[in-house]
Amino acid sequence: MSVCCDTCVNNVYDEDYDEYECMVNLDEDEMYRFLSSEQKECPYYRNDDEYAVVRHQM
């Protein structure tokens, strides 16, 4: 299952650059592991589904 950055909580619009960017704060080692990984899915993806909590309560 591939994820889309458009639905991720960490994807935030930056008005200065007029583009979206990922707000996950990675140190140098984490960034290296993330970029050199052959993993297709982002391990930092979190769904921006505001109704998930409501569905879970039902």
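Everything here concerns the structure above.
Residues numbered from 1 in each chain as written. Predicted model: local features only at pLDDT ≥ 70, side-chain atom pairs only at ≥ 80, totals over all residues. Heavy atoms only, no water.

A.B. asks: Any chance you could explain the overall build of the protein here in plain terms?
C.D. replies: Counting its secondary structure elements, the protein contains two helices and two strands. Considering the protein as a whole, with its 58 residues, one finds that 9% of them fall into the buried category. When contacts within the protein are restricted to residue pairs at least 6 apart in sequence, long-range pairs at least 24 apart make up 44% of them. Carbon and sulfur atoms make up 49% of the accessible area of the protein, which amounts to about 5600 Å² in all. (Helix = DSSP H or I, 4+ residues; strand = E, 2+ residues; numbered from the N terminus. Buried < 20%, exposed > 50% of the residue type's maximum accessible area, 1.4 Å probe, protein only. Contact = heavy atoms within 4.5 Å. Areas by Shrake-Rupley, 256 points an atom, 1.4 Å probe, with all protein chains shown as cover.)

A.B. asks: Whenever I open this one, a negative patch on the surface confuses me. Can you help?
C.D. replies: On the surface, Glu 15, Asp 16, Asp 18 and Glu 19 cluster together to form a negatively charged patch. Here Asp 18 shows up in the loop between β1 (11–14) and β2 (19–22). Classification of Asp 18 as exposed rests on a relative accessible area of 57%. (Patch = residues over 30% accessible without salt bridge, like charges linked within 9 Å, V, L, I, M, F, W, Y side chains within 5 Å. Salt bridge = Lys/Arg side-chain N within 4 Å of Asp/Glu carboxyl O. Lys, Arg positive; Asp, Glu negative; His and termini not counted. Charge placed at Lys NZ, Arg CZ, Asp CG, Glu CD.)

A.B. asks: Is there a simple way to think about a nonpolar patch on the surface in this case?
C.D. replies: Together, Met 31, Phe 34 and Leu 35 give the surface a local cluster of nonpolar side chains, amounting to about 280 Å² of exposed area. Turning to its location among the elements, Met 31 is positioned in helix α1 (residues 28–36).

A.B. asks: How do you make sense of the environment of Thr 7 when you look at a structure like this?
C.D. replies: Residue position: Thr 7 is located in the segment before β1. Look at Thr 7 and you get partly exposed, because its relative accessible area is 35%. In sequence terms Thr 7 and Tyr 45 are 38 residues apart; their C-alpha atoms lie 8.7 Å from each other. Not counting residues up to four positions away in its chain, the partners in contact with Thr 7 are Tyr 45, Arg 46, Asn 47 and Asp 48. Within the structure, Thr 7 has its side chain in polar contact with the backbone oxygen of Cys 4 (distance 3.1 Å). (Polar contact = N/O pair within 3.5 Å; in protein donor to acceptor, adjacent residues only side chain to side chain.)

A.B. asks: So what exactly am I meant to see when it comes to the state of the cysteines here?
C.D. replies: What is meant by a disulfide is a covalent connection between two cysteines, made through their sulfur atoms. Per the stated rule, a full pass over the model turns up zero disulfides. Free cysteine: Cys 8, not disulfide-bonded; nearest cysteine sulfur from Cys 22 at 6.1 Å. Given a relative accessible area of 9%, Cys 8 falls into the buried group. Free of any disulfide, Cys 22 has its nearest cysteine sulfur in Cys 42, 6.0 Å distant. (Disulfide = S-S within 2.5 Å.)

That is the geometry; function is a separate question.
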